[in-house]
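Descriptive structure summary
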Amino acid sequence: MEKFFSIIIPVHNAESKIKKTLNSIIAQSINDYECIIMDGESTDKTLDFINDYVNKYPNIKCFSQRDSGIYDAMNNGVERATGKYVIFMGAGDVLFDNNVLECVMRQIKCNSRKDVYYGYVMYDYEGKLEKYDKRINCMYTILVRPVSHQAIFSGRNVFDKVKFDCHYRVAADQDWIIQVYKNKVKIQYLNTPIVIYDTMGVSSSEKGKIEGTNEIKESQRRQYPIRAKIHKILATIKNGKI
């Protein structure tokens, strides 16, 4: 029987983080989900910990195989998914509370004409939570305002049109959002906290932020070249360089 949600978690050597992520999932008030863990051939105890959950909870599955990075693993996870809506989490991320999936399911069923639904995440800075809430709209195509993929529930069929472009190492998720918007996929914002975000991921490092910004700008130039040129000219004028 098809589950309502497919939760896909790409992992590699995440023994110190994976337990709290899985614990937040199994604590949910509903069971209408499958959890698909895509392990990139971890060499620590990650798989041992995961297998403890797999053996205990039938809706948790794990596949260990070589991949070319996080977004390749996410694409592979989608191919194995059977749920109606897909969400991606990283090892270390936790669902905001025990009712997140139930709350999102209720909102989707009340407005089922959309293809992608998204809320917002909370950043955890040493125990202090900070709201991070950005929107997907026309401004998203010209400004660097990343929307956390951990806050997005996408219809699985959307990936038949747009997959993650793995030549982006850090911001393939943002490129995916830009392409989804360009393809006029129906998107609905939910004013709901989804995930407490692990700020120790690749994209959160200073190097990752710079690389991610450059990749987002490249995606914007590829998908919306005219808008990108106009925005660059206006920014130059605003900065007094013309």
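Only a predicted model underlies this, so the values are computations on that prediction, with no experimental measurement involved.

Some details on the overall build of the chain
- Each helix and strand in the chain was counted, giving seven helices and nine strands.
- The C-alpha radius of gyration computed for the chain amounts to 18 Å, which stays within 12% of the reference 18 Å derived for 242 residues, consistent with globular compactness.
- Summarising its shape, the C-alpha atoms of the chain cover approximately 65 × 40 × 35 Å along the three principal directions.
- Out of the 242 residues belonging to the chain, those deemed buried represent 49%.
- For the chain, long-range pairs separated by at least 24 residues make up 81% of all intrachain contacts whose partners lie at least 6 apart in sequence.
- A gap of 9 Å separates the mean positions of the 36 positive and 29 negative side-chain charges of the chain.

Notes on the state of the cysteines
- Throughout the structure, instances matching the rule amount to zero disulfides.
- With no disulfide partner, Cys 35 has as its closest neighbouring cysteine sulfur the one in Cys 62, 9.2 Å distant.
- Judged by its relative accessible area of 0%, Cys 35 falls in the buried class.
- There is no disulfide at Cys 103, and the cysteine sulfur nearest it, in Cys 110, is 10 Å away.

What about the packing of helix H1 (residues 18-26) against helix H2 (residues 46-56)?
- Two elements in contact, H1 and H2, have axes separated by 10 Å at closest approach and are oriented at 15°. Classified by the angle between their axes, H1 and H2 sit roughly parallel to one another. For the element pair H1 and H2, the recorded crossing hand is right-handed. In this structure, H1 contributes Ile 18, Lys 19, Leu 22, Asn 23 and Ile 26 to the contact, and H2 contributes Phe 49, Ile 50 and Tyr 53.
- Among the residues forming the contact of H1 with H2, the class breakdown is six nonpolar, one polar and one charged.

Cut-offs and rules
- Residues numbered from 1 in each chain as written.
- Predicted model: local features only at pLDDT ≥ 70, side-chain atom pairs only at ≥ 80, totals over all residues.
- Heavy atoms only, no water.
- Helix = DSSP H or I, 4+ residues; strand = E, 2+ residues; numbered from the N terminus.
- Rg over C-alpha atoms; globule rule 2.2 N^0.38 Å.
- Buried < 20%, exposed > 50% of the residue type's maximum accessible area, 1.4 Å probe, protein only.
- Contact = heavy atoms within 4.5 Å.
- Lys, Arg positive; Asp, Glu negative; His and termini not counted.
- Charge placed at Lys NZ, Arg CZ, Asp CG, Glu CD.
- Disulfide = S-S within 2.5 Å.
- Axes fitted to C-alpha atoms, helices over the stretch in contact; angles between N-to-C directions.
- Parallel < 35°, antiparallel > 145°, perpendicular 65-115°, else oblique.
- Left-handed = near helix turned anticlockwise from the far one by under 90°.
- Nonpolar A, V, L, I, M, F, W, Y, C, P; charged D, E, K, R; others polar.

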